[in-house]
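# Summary of structural features
Residue strings, one per chain:
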Amino acid sequence: MSQDKKRVVIKIGSSSLTSMHGEVSRRKLEKLVDEVVQLKDDGHEVLLVSSGAVAAGYRKLGCLERPSSLPEKQAAASIGQGLLMESYSDLFLSHGYMGSQILITRSDFSDEDRYNNARNTINVLLERGIIPIVNENDTITIDRLKFGDNDTLSAKVAGLVDADQLIILSDIDGLYDADPRKNEDAKLLDKVHEITPEIEAAAGDPGSAVGTGGMKSKIDAFKISMASGISSFLGKANTPNIVYDAVYGNATGTYFETTTDSENLDQKKQWIAFNSGPEGEVIIDHRAKESIVEMKKSLLPMNVHHVKGRFEKGAVVRIHDLDGDEIGLGVVNYSSDEMEEMISLTEPELESYEQAAIERKDFVCHLDVALPVGV
């Protein structure tokens, strides 16, 4: 794409799409679609990560309130997802644009082949001028395989497609230095270049009974996008022209931008850090820790102290030091059985193993990127 054209991922939450009665709000959808169309007319590529399936469907299921049980939520989502997509499709078609549905589960991202396939599919859609509309596949996903919320999903999708910008629309008009609902002196932060402990401490609880993601989930999403080198924005969904203005840098809200000297993760390291699902642990001594962290060298077989768990060659594992502190994540070139065998060998015997235990290019250090808890 040309320098002035962007690939933009926009995430919008349930509370920003539904009426006070829990139904999909045609007015709110029209506002969002109109702003997306403005961006498309300007030549930008746009991908939507849209919540709202459960909120749109639970009344049609016969529930008076948003259901709490998993089967009812999933049944509501199966109704609501169709209603949501029908509304999006009709509105985009009225402007001459086509929308497409992408339903994703966490396991689609944890398998590297499926992750790459998802990227290829979405890239084709974007390059053909289609507007992909992404949501978690709530009708079948079990809790332990969920992304947790669409804030996290949107940041991972932004990394997946090498987006230029992530826009998260919410019912709050940006990030404050304190909870504005509790502190009337709280100040809106215009720009954030680093997620500090103070910023994390100021993150509040969910502000809406309709949505699931609070400020904490948004902070975690911005950790992911910033580590991936993606500029991000948080603003209030009902603000006039919020999406269009955010892309052009004129919106009221909070812009999250990394500094030029920040280390951005490439596609492989993004997958390792945020999507892979570690399968075991490799414990290394302090000399090896210094080598892999400070000297940025690969982890050699002779530096593996012991292993925990069972894993095969090519798996992602957590790397710990002897004190139990987690150093980072990496892709192993040997199975757990092979590594356990290596531990009992002498250095001359280990020389026959030509590959490193973990190549430095396949290692993500926690000092390079602040990983959100639970990714």
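For every chain, the first residue of the written sequence is number 1, and numbering continues from 1 along that sequence. For a predicted model such as this one, the threshold for reporting local features is a pLDDT of at least 70, and the threshold for listing and counting side-chain atom pairs is 80 or more; totals across whole chains, interfaces and linings nevertheless cover every residue. Each side-chain value is worked out from all heavy atoms of the structure, with water and hydrogens disregarded.

### Observations concerning the nonpolar core
- Val-9, Leu-47, Val-134, Ile-195 and Phe-256 are the most contacted members of the largest nonpolar core, which has 49 residues in total.
- Mapped by element, the contributors of at least two residues to this core are strand 2 (45-50), strand 3 (99-104), helix 5 (112-127), helix 6 (150-160), strand 5 (165-170), helix 8 (215-227), helix 10 (267-274) and strand 12 (326-331).
- If you tally residues by element for this core, the top one is helix 8, at 7 residues.
- Reported domain spans reflect what an automatic or database domain assignment gives. In this structure, this core is formed jointly by two domains, domain 1 (7-256) and domain 2 (279-365), each of which donates at least three residues.
- When sequence neighbours within four positions are dropped, the list of residues in contact with Val-134 reads Leu-47, Leu-48, Val-49, Ser-50, Ile-102, Ile-104, Leu-153 and Val-157. As used in this record, nonpolar core signifies buried Ala, Val, Leu, Ile, Met, Phe, Trp, Tyr and Cys residues forming a set joined through side-chain atoms within 4.5 Å. Think of it in three bands: residues with accessible area under 20% of the maximum for their type are buried, residues over 50% are exposed, and the middle band is partly exposed, with areas taken using a 1.4 Å probe on protein chains only. Under the DSSP-based scheme used, a helix requires at least four consecutive residues in state H or I and a strand at least two consecutive residues in state E, with every element numbered from the N terminus. Residue contacts follow a heavy-atom distance rule, with two residues in contact if any of their heavy atoms lie within 4.5 Å.

### Here we look at the environment of Ile-12
- With respect to the helices and strands, Ile-12 occurs in strand 1 (residues 7-12).
- Taking C-alpha positions, Ile-12 is 7.5 Å from Ala-237, a pair spaced 225 residues apart along the chain.
- Sequence-distant contacts of Ile-12, that is, excluding residues within four places in its chain, are made with Leu-17, Leu-32, Val-49, Ser-50, Ser-51, Tyr-88, Leu-169 and Ala-237.

### Section: a negative patch on the surface
- A grouping of Glu-279, Glu-312, Glu-338 and Glu-341 is seen on the molecular surface, where their side chains present a negatively charged patch.
- Relative to the helices and strands, Glu-341 is located in helix 12 (residues 336-343).
- Judged by its relative accessible area of 47%, Glu-341 falls in the partly exposed class. For patches, a residue must show more than 30% relative accessible area and have no salt bridge; joins then use 9 Å for like charges and 5 Å for nonpolar side chains, namely Val, Leu, Ile, Met, Phe, Trp and Tyr. The Shrake-Rupley method, run with a 1.4 Å probe sphere, supplies the accessible areas, and residue values consider only the shown protein chains as cover. One side-chain nitrogen of Lys or Arg within 4 Å of one carboxyl oxygen of Asp or Glu is enough to make a salt bridge. A residue counts as positive if it is Lys or Arg and as negative if it is Asp or Glu; His and the chain ends are not included. Lysine's charge is taken at NZ, arginine's at CZ, aspartate's at CG and glutamate's at CD.

### Concerning the UniProt feature "binding site: substrate" (unreviewed entry) in the protein
- UniProt positions are given in the numbering used here, feature names are shortened, and annotations may be inferred rather than shown by experiment. UniProt annotation of "binding site: substrate" (unreviewed entry) refers to Ser-51, Asp-138 and Asn-150 when read in the numbering used here.
- The residue Ser-51 is located in the loop between strand 2 and helix 2 (53-57) in this model.
- By relative accessible area, Ser-51 is classed as buried at 11%.
- Dropping the residues within four chain positions of it, Ser-51 is found in contact with Lys-11, Ile-12, Gly-13, Ser-14, Leu-17, Leu-84 and Asn-150.
- You can see Asn-150 is positioned in helix 6.
- Leave out the neighbours within four places in its chain, and Asn-150 touches Lys-11, Val-49, Ser-50, Ser-51, Asn-135 and Glu-136.
- What qualifies as a polar contact is a pair of N or O atoms within 3.5 Å, subject to a donor-acceptor requirement within protein and to the restriction that residues adjacent in sequence count only when both atoms come from side chains. Of note is the side chain of Asn-150, whose polar atom sits 3.0 Å from the side chain of Ser-51.

### Concerning the packing of helix 5 against helix 10
- Simply put, an axis is a line fit to the C-alpha atoms, just over the touching stretch for a helix, and the angle between two N-to-C directions goes from 0 to 180 degrees. Look at helix 5 against helix 10: their axes get within 12 Å of each other, and the N-to-C directions meet at 125°. Viewed along their axes, helix 5 and helix 10 adopt a mutual orientation that is oblique. As helix 5 packs across helix 10, the resulting crossing turns out to be right-handed. On the side of helix 5, the interface is formed by Glu-112, Tyr-115 and Arg-119, while helix 10 contributes Gln-267, Lys-268, Gln-270 and Trp-271.
- In this classification, Asp, Glu, Lys and Arg are treated as charged, Ala, Val, Leu, Ile, Met, Phe, Trp, Tyr, Cys and Pro as nonpolar, and every other residue, Gly included, as polar. Its residues assigned to classes, the contact of helix 5 with helix 10 shows 2 nonpolar, 2 polar and 3 charged. Reported orientations rely on four angle classes, namely roughly parallel under 35 degrees, roughly antiparallel over 145, roughly perpendicular from 65 to 115, and oblique for the rest. Should the near helix be turned counterclockwise from the far one by less than a right angle, the crossing is left-handed, whereas a clockwise turn marks it as right-handed.

### Structural notes on helix 1 (residues 26-41)
- For a helix, the expected span equals 1.5 Å multiplied by the number of residues minus one. Between its first and last C-alpha, helix 1 extends 22 Å over 16 residues, near the 22 Å set by a 1.5 Å rise per residue.
- Of all the residues in helix 1, the buried ones are Leu-29, Leu-32, Val-33, Glu-35, Val-36, Val-37, Leu-39 and Lys-40.
- As for helix 1, its buried residues are in contact with strand 1, strand 2, helix 3 (70-93), strand 4 (131-136), strand 5 and helix 9 (242-247).

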